[in-house]
Amino acid sequence: MIEITLPDDVWQDVEPGTEALVEKWLVDEGDAVRAGQPIAEVVIVKAHQEIVAPADGRIEKIQVKADETFGKGRSLALLSE
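Residues numbered from 1 in each chain as written. Predicted model: local features only at pLDDT ≥ 70, side-chain atom pairs only at ≥ 80, totals over all residues. Heavy atoms only, no water.

1. Examining the sheet that holds strand E3 (residues 32-33)
Stated precisely, the cut-off is as follows: Strand pairing is assigned whenever DSSP detects at least two bridges linking the two strands. A run of DSSP states H or I qualifies as a helix once it reaches four residues; a run of E qualifies as a strand once it reaches two. Both are numbered from the N-terminal end.
Ordered in space as E1-E8-E6-E3, the four strands form an open sheet in which the pairing is antiparallel. This sheet does not close on itself; its edge strands, each paired only once, are strand E1 (2-4) and E3. Bridge count between strand E6 (residues 57-62) and strand E8 (residues 77-80): four bridges; the pairing is antiparallel. Counted as the bridge partner of Ile-62 is Ala-77 from E8.

2. Brief notes about the sheet that holds strand E2 (residues 20-25)
Read from one edge of the open sheet, four strands run E5-E4-E2-E7, paired in antiparallel fashion. Single-partner strands in this sheet number two, and they are strand E5 (47-52) and strand E7 (69-70). Where E2 meets strand E4 (residues 38-44), four bridges bridge the pair, whose relative direction is antiparallel. Its bridge partner lying in E4, Lys-24 is registered against Glu-41.

3. Overview of the environment of Ala-55
Selection rule: The buried label goes to any residue with under 20% of its type's maximum accessible area, the exposed label to any with over 50%, and the partly exposed label to all in between, with areas taken from a 1.4 Å probe on protein chains only. The contact rule is simple, with two residues in contact once any of their heavy atoms fall within 4.5 Å.
Within the element layout of this structure, Ala-55 appears in the loop between E5 and E6. Ala-55 sits in the buried class, given a relative accessible area of 11%. Sequence separation between Ala-55 and Ser-80 is 25 residues, and the spatial gap between their C-alpha atoms is 8.9 Å. Setting aside chain neighbours within four positions, we find Ala-55 in contact with Ile-2, Val-33, Arg-34, Ala-35, Leu-79 and Glu-81.

4. Observations regarding the pattern of salt bridges
Under the convention used in this document: Any Lys or Arg side-chain nitrogen found within 4 Å of a carboxyl oxygen on Asp or Glu counts as a salt bridge.
Enumeration over the complete set of coordinates arrives at two salt bridges. The shortest N-O distance in the salt bridge between Lys-65 and Glu-29 comes to 3.9 Å. Taken together, the positions of Lys-65 in the loop between E6 and E7 and Glu-29 in the loop between E2 and E3 put the pair 36 residues apart, joining distant regions of the chain. Assessed through its relative accessible area of 39%, Glu-29 is described here as partly exposed. Asp-56 is the salt-bridge partner of Arg-34, the closest N and O atoms lying 3.2 Å from each other. With Arg-34 in the loop between E3 and E4 and Asp-56 in the loop between E5 and E6, the pair connects residues that are 22 residues apart, well separated along the chain.

The quantities given are spatial measurements derived from coordinates; they are silent on function.
Below, the structure written as structure tokens:
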């Protein structure tokens, strides 16, 4: 199982304790995805970021729903290869 997170480099110049927002999911639980496929859109400090699938597989569980916030290192979803 692969945990999908917002890459650490996106958090580089962000103040500690700042949270990002999942604006929307582009996939649903159970959907098959390909490596590099956009799967979610998030906003952090007024900048939009795209989350992409790190590998081919299936989205097993979305752990942070749309319109919810999350902190650095939090798993957004689980992907099975």
